[in-house]
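# Results of the structural survey
One letter stands for each residue in the lines below.
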Amino acid sequence: MASDSLDDGQISDEDYLDVDKAEADLREVIQTTIANISLFSDQKLVQNDPQIQAATTNIVYECNKNTNFGDRDAFILANAKIKEEAKHQADLNLLLEEGMQFASMLYTWRSCTNAIPPESDTDSKEEIAAKWGKIYEVLNEECKKLIDFYDFLLSVSEMFKQELMLIVTKKYVSDTYLLTMGRFINMIVIVNALLTSKASIANDFSSYKRAEKHFKKGLNINPNSVKISHYFGTRNKILNELRDAVEERFLQVHDVFCEIINHFLERFENNIYLLPNERFQFVTIICYSLVLLDGKNGHLDKLFEGKKLNLSRIDKVLKQVSVVPLYGDMSMELKIVVTALPTFEMFRNKWTFVQTNDVRSENVLQNKLNEFESQYEEVLTELASLQNSTHFTKLDLKEVKFAKKETDEKNEEIYTLALNTLRILSQMTCTIIETYSWKLIHPPSKYDVIQMSDDTCDYAKATKYNYSAAEKTAIIRLIGMIKGLQALACSLKDVISKAIFSYIYKEIQKLIQITLREPLRYVVKNKKTNVETILSSLRTCAVDWPNGKPPMDDPLFKHEKQLKKNYIPEIPEIKNKLVPPSSTQIYLVRTMLSSLINDNTNPLTKAKDLKKELVGRGLESINSFLKTSIFWPYMIEFDEIIVKCCDLSQLWFREYFLETTNSMNRGPNSKVVQFDIEFSLSWIFIKHILESNDTCLLEYLFYLFDLYNDSADYALNKFKQQYLYNEIEGETDLVIDQFIVYISSDIFKFYRKLAVQKVAIELGLQNPSERKPIYQTKYLSILQQKSFCILGRKLSLNKLIGSHVLTHISTAMNLAIKRFESCNIDGLIEYCVLKDINKYTFKSLQDIFEEFPDYEQYYSEIDESVNSPHGRFLIQLLSLMDKDFFSNYKYKISSKSFTLEKNVIRRTLAPSDDHYVYLFVTKDSYRKFLKYFQEFEGTIDSNHYEIIAHMIGVDGITMLMKIILEIIKDVTRVLWANDCENVYKKLPYKKETISSCVELAPDPLSNPRKLLPPMLLNFFHFIGTFKIIGNALALALNIEEHYFIKENLELHMAYPFTLTPKQASDLNNQESVISQFINKWRCFNLANSLKIIKNTEFSEQASTACGLSIKKLCSQKSFFGYLLQELSVFLQNEETEVWFNIIRDTLEKQRLEDLQSGSISGQTSANDYCPFAGFPQFYRLWSFFQYTMVLDRNNTPAAHENTYGNGYILGGIAFIVALKQIHQFEIGDMCYFLESRFESVSAKSAPEKQRFLSNLSYFKNINKKCINILTMYIDPQKSEEQQKFLRPDRQDLAPFH
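In this section: the overall build of the protein chain. Along the protein chain, the regular secondary structure elements total 53 helices and seven strands. Evaluated residue by residue, the protein chain yields a buried proportion of 48% over its 1297 residues. Sequence-distant contacts, at least 24 apart, represent 80% of the contacts inside the protein chain between residues at least 6 apart. For the protein chain, the exposed area adds up to about 66,100 Å²; of that, 52% sits on carbon and sulfur atoms.

Put into structure tokens, the structure is as follows:
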């Protein structure tokens, strides 16, 4: 065999074939898998939820493109002086960063001295020393920061003086350097303002100084403690020192400050800024540069008169921004700064912004809002168009090849769009911050706002009472536009960033490789060494040749003065690359270009103007490039800049007002730790949205929550203070709770109002045409937000609101049951209406909230009928029937209704003001429904029977029958034990015949009270007892009728699905006809259809439903018939004699007394004396009782029915029917045989005769009706072994089954 000849290490050809086949199969599987996975890229995820949330910040790596000139050494051939300036600016930026960190420390500083306990006279020296030691231990770490801050201020002050003198010696001062110096001035102003306003800093350091003195006892004490304490305690110490230094060197540095002021004036007027805080920085720098220049003695008059500064330009700028925010809730009014200038009085008339009253009216804010809306819509449309086109290019990137020119134009459009987006975002943010800052400084007086009291704190005046409704609406809309536009732009940041990088790269390369070629050739030819050096350095530090090498055939690189004959320079092809220049690279390019063409050379150094050496070659292109590239440092950091442009974190911080409020409250218990949530601006705006009826404002709701995200991020990453974050988090949690409670309550009211309108229309209380329009989309956009992010947490909004709405529904259901528990049984109508309203409300909300439970299951939980059939409703219903209904209502057979007796007080429950929402929402609706409910007061009719049959169901009806049977048994026992003794004593001593009964009957025209006094002994209690029995039986009868009406209706509706084939005329074809009929209607058999598709779950449910329908068809048993059968068994049982032992003993004593008196013979036994074992002669008792009612002269049939009703008659006849004594009663009843006796009555007794006959006919008709009704449900001829009605196996109902 071939395989046997191979060695162990060899592989046969068949094995190679198997391996190849396996590899081919695996390759095919991999290719198929990759193809299937690639299909997902073609799937578009459809998200219909409205985007009304702010942009979320993810924890991702972001490259910091601002290197702070750290890569300056990489550009070896760059201009050495410019590189040196870059190094110097890097050091200045570090000092600026350190200064802003100290500013954050000062702003967030909270007094430690307030926590120090006061000294007591009883303290010993050891206790005092221990206390000061603890104080020193606590303050030491914090005050070390203040000592470092003091050292920093000294170094900054000295450095600023040196920089001023250094600028004087420079030949050229770049715009970036002027911007850095302006930021230094701004930083000094902020630090000075914070140190001046925060009195707690000087107090804490003084406490530290005293604690150090006690703790160290003069050893190793910081010698500068006194200086530091004095430095911190002097107002405007930093600014005054710098002002004095500038005044000493005024002649040397005044031109520098004029240059700084003019530079920032130009930037402000031409809107050369993107960040909101830059706008306020520029104004602050301009204003305080004037302060430093003016000094103590006033020098601005020389500069204004020498036209080095233009006062009208400055005044125009300050009029636009009269209040600037410094830090958080600290603001500065520039009017105060300008009026403090020594030269102010000289130019008072020219400072027009001081003379005008700066009033921030609603119209100004509204006009700005209208301008922003038009710009916002344009930018939003372009971003949406970009988003749509982005989806297309992502899906079809392999097939679509854009032309190079189209790509360049597209990148430029996206760059312009991104720049416009940042500009409008910055402008809107500036508007909000300006309004907020102005409001902080200008609080209203108590005469302007009525709600304000004398004890209202300043922060409440500045926030809660300082904004009108129109201003709140305008600011909310601005915040919504800011956050919405930010969210859309951030979703496109990858596309925008790539376009920006490609555009900037292309522009720089076009400038260096194409635009600057001719100017460079010119300066090389004409030996312009300075310009050639700058241009060569510029090309070297930023060029990126297509092939990595310059075109060597170009004579320019060989330094040839003349071009070759017929030489045409080749225009290099610049490709699109996603390689943006670094911040250092942009700085070097811009600085070198601006040094060539800038007119603002330092006049003190008499530097040569290099612009003249270019003789106009390329100057326009360079100017255009410098204007365009001024925003590039911002645009390459688009991700960070857009966040800064939308930063509204400062709206929350209130450290300055906390400081001032606590400084005014001197009491130990009057210190304010944090202001109330009602004063928080974020909550004020959120509350305004919730309380307003403007549906459009609801879509801005989630944007306002992003203010807390901004504040929390600033507290952690900028302030680096955990306690501030904790306070923000605490307020955010409280606001979310308040928001959820408010919005859930409003949503519940909204959908309950819809349900109330629907029920009112169904009941005919409201015309459908009069239905007020309720817009169901009011909360749709909010409820469609499954979750939203806040403080790094993702909250399930749908779940939170749903749980609170479910609580409101639970309250409404509980209130409906409580109202039923507190009223009579006629309150069923109200309970049914409220239940329908609750159901409609629940079903409407169930479609919105994901985790809503099943209605029936939830109602069972509220009704407490989950684990027990005895729910609150059923227990209350049965309790009302037992204690109230059966005894206090009277039944009328003619109308089949019950009416409340006149002497019974009807119970009601008046709703409180809070309950109207859970009933019918409004008081007007409550009055409308109350008028409807009053129609059913005191009456129980078919409406109530239908409700009871529908609500309690089969199990409830079964339980009701059981209760009714027990009630009848109980009242029967009491009846025979207490009331019937006297009646049976006067019956004949032997079994009477009909003739004897007639002879026993007295004269019908005589007084019945004299004739039958024993029967009238407990007359009304006797009637009341049988009224209870009759009412119980009448209620059971009517409930069963309405229940079977419902059952028959359901079976009638199911008739098309239970069709039976007609019998065929030909019996031989009977089976074929049946089979054809079954096949014809087979499609209607849902159970079989589900079995065919093999759906097990639904198939089982359908089979169960079919089984229930068959049981309904085959087991139509009567509840009432079974009740009568059980009653018959009870009355005929020999064991019931035990209940009458008391009567037997009494009658036996009476028989013995009669024997002694001789009234009876000795042969009369006890059974003859009272022969009623098992009620064999109940018909006789009822006959005498009925005869007594007929003899009553004061009763007419109508009056009798209104007084007593027919319930007691139904109860008595039911006993006769149950005892099978109908025949005996009809024959032996004395009333039926008295008509013949009226023939001998005289004519003068005709009215009495007519009355008697009328009453007799009335009772005869009622008896006949009752017998006809009852005999329909029980056949007296049937045996006691009649089949019982079986219900589902419930152990608690087993005795009744």
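Here we take up the packing of aromatic side chains. One pass over the full model with this rule turns up 60 aromatic pairs. Plain terms: the ring middles of Phe205 and Phe232 are 5.9 Å apart, the flat faces sit at 80° to each other, and that makes the pair edge-to-face. Of this pair, Phe205 sits in helix α6 (residues 199-216) while Phe232 sits in helix α7 (residues 225-233); the two residues are 27 residues apart in sequence, bridging distant segments of the chain. Look at Phe205 and you get buried, because its relative accessible area is 0%. Aromatic side chains Phe898 and Tyr945 sit 6.4 Å apart centroid to centroid with 85° between the ring planes, which places their arrangement in the edge-to-face category. Taken together, the residues span a long stretch of sequence, with Phe898 in strand β6 (residues 897-900) and Tyr945 in helix α38 (residues 942-978) at a distance of 47 residues. The class of Tyr945 is buried, set by a relative accessible area of 1%. These aromatic residues form a ring-pair network of at least three members: Phe102, Tyr136, Phe149, Tyr150, Phe152, Phe205, Tyr208, Tyr231 and Phe232.

Another point: the pairing of strand β2 (residues 330-333). By the alternation rule, side chains of β2 split into Met330 and Met332 and Ser331 and Glu333, which are all buried. Bridge count between strand β1 (residues 323-327) and β2: four bridges; the pairing is antiparallel. By the bridge assignment for β2, Pro325 is matched with Ser331.

Here three strands make up an open sheet; going across it, the order is β5-β6-β7 and the pairing antiparallel. What marks the edges here is a single partner per strand, and that holds for β5 (889-892) and β7 (939-940). In this sheet, β6 lies alongside β5 in antiparallel orientation, the contact comprising four bridges. Bridge pairing in β6 links Tyr891 to Phe898. Along the sheet, helix α35 (residues 872-888) contacts β5, β6 and β7; its crossing angle with β5, the most-contacted strand, is approximately 50°.

Another aspect to go through is the confidence of the model for the protein chain. Per-chain confidence: the protein chain averages 77 in pLDDT, with 74% of residues scoring 70 or above. The lowest-confidence element of the protein chain is helix α1 (residues 2-5), averaging 41 in pLDDT; the highest-confidence one is helix α10 (residues 276-294), averaging 93. Note that pLDDT drops below 50 for residues 603-607; the model gives that stretch 10 contacts with residues more than four away or on any other chain.

Counting 369 residues, the largest nonpolar core has Phe232 and Trp351 as the members making the most contacts within it. Residues in contact with Phe232, not counting those within four places in the same chain, are Leu146, Phe149, Tyr150, Leu195, Ile201, Ala202 and Phe205.

Turning to helix α12 (residues 311-320), a few remarks are in order. Listed as buried for α12 are Leu311, Ile314, Asp315, Val317 and Leu318. Viewed along the axis of α12, the buried residues span an arc of 160°, placing them on a single side of the element. Its buried side turned inward, α12 meets α9 (250-269), α10, α11 (300-305), α13 (334-339) and α14 (352-355).

Take the side chain of Thr456 next. In this fold, Thr456 is placed in the loop between α16 (404-441) and α17 (458-463). Among the polar contacts listed, one links the side chain of Thr456 to the backbone nitrogen of Ser453, at a separation of 3.1 Å. Not counting residues up to four positions away in its chain, the partners in contact with Thr456 are Lys461 and Tyr465.

Let's shift gears to the pattern of salt bridges. Inspection of every chain in the model, using the stated rule, returns 29 salt bridges. Arg183 is the partner of Glu278 in a salt bridge, and the nearest nitrogen-oxygen pair spans 3.5 Å. In this pair, Glu278 sits in helix α10 while Arg183 sits in helix α5 (residues 175-197), placing the two residues 95 residues apart along the sequence. According to the relative accessible area criterion, Glu278 is buried, its value standing at 4%. With its nearest N and O atoms 2.0 Å apart, the salt bridge here joins Glu373 to Arg477. With Glu373 in helix α15 (residues 362-395) and Arg477 in helix α18 (residues 469-491), this residue pair connects regions lying 104 residues apart in the sequence. One salt-bridge network, held together by shared partners, links Arg110, Glu655 and Glu727.

About the thresholds
- Residues numbered from 1 in each chain as written.
- Predicted model: local features only at pLDDT ≥ 70, side-chain atom pairs only at ≥ 80, totals over all residues.
- Heavy atoms only, no water.
- Helix = DSSP H or I, 4+ residues; strand = E, 2+ residues; numbered from the N terminus.
- Buried < 20%, exposed > 50% of the residue type's maximum accessible area, 1.4 Å probe, protein only.
- Contact = heavy atoms within 4.5 Å.
- Areas by Shrake-Rupley, 256 points an atom, 1.4 Å probe, with all protein chains shown as cover.
- Phe/Tyr/Trp six-rings, centres within 6.5 Å; stacked < 30°, edge-to-face > 60°.
- Pairing = 2+ DSSP bridges.
- Axes fitted to C-alpha atoms, helices over the stretch in contact; angles between N-to-C directions.
- pLDDT = per-residue confidence, 0-100.
- Core = buried A, V, L, I, M, F, W, Y, C linked by side-chain atoms within 4.5 Å.
- Arc of directions from axis to C-beta.
- Polar contact = N/O pair within 3.5 Å; in protein donor to acceptor, adjacent residues only side chain to side chain.
- Salt bridge = Lys/Arg side-chain N within 4 Å of Asp/Glu carboxyl O.

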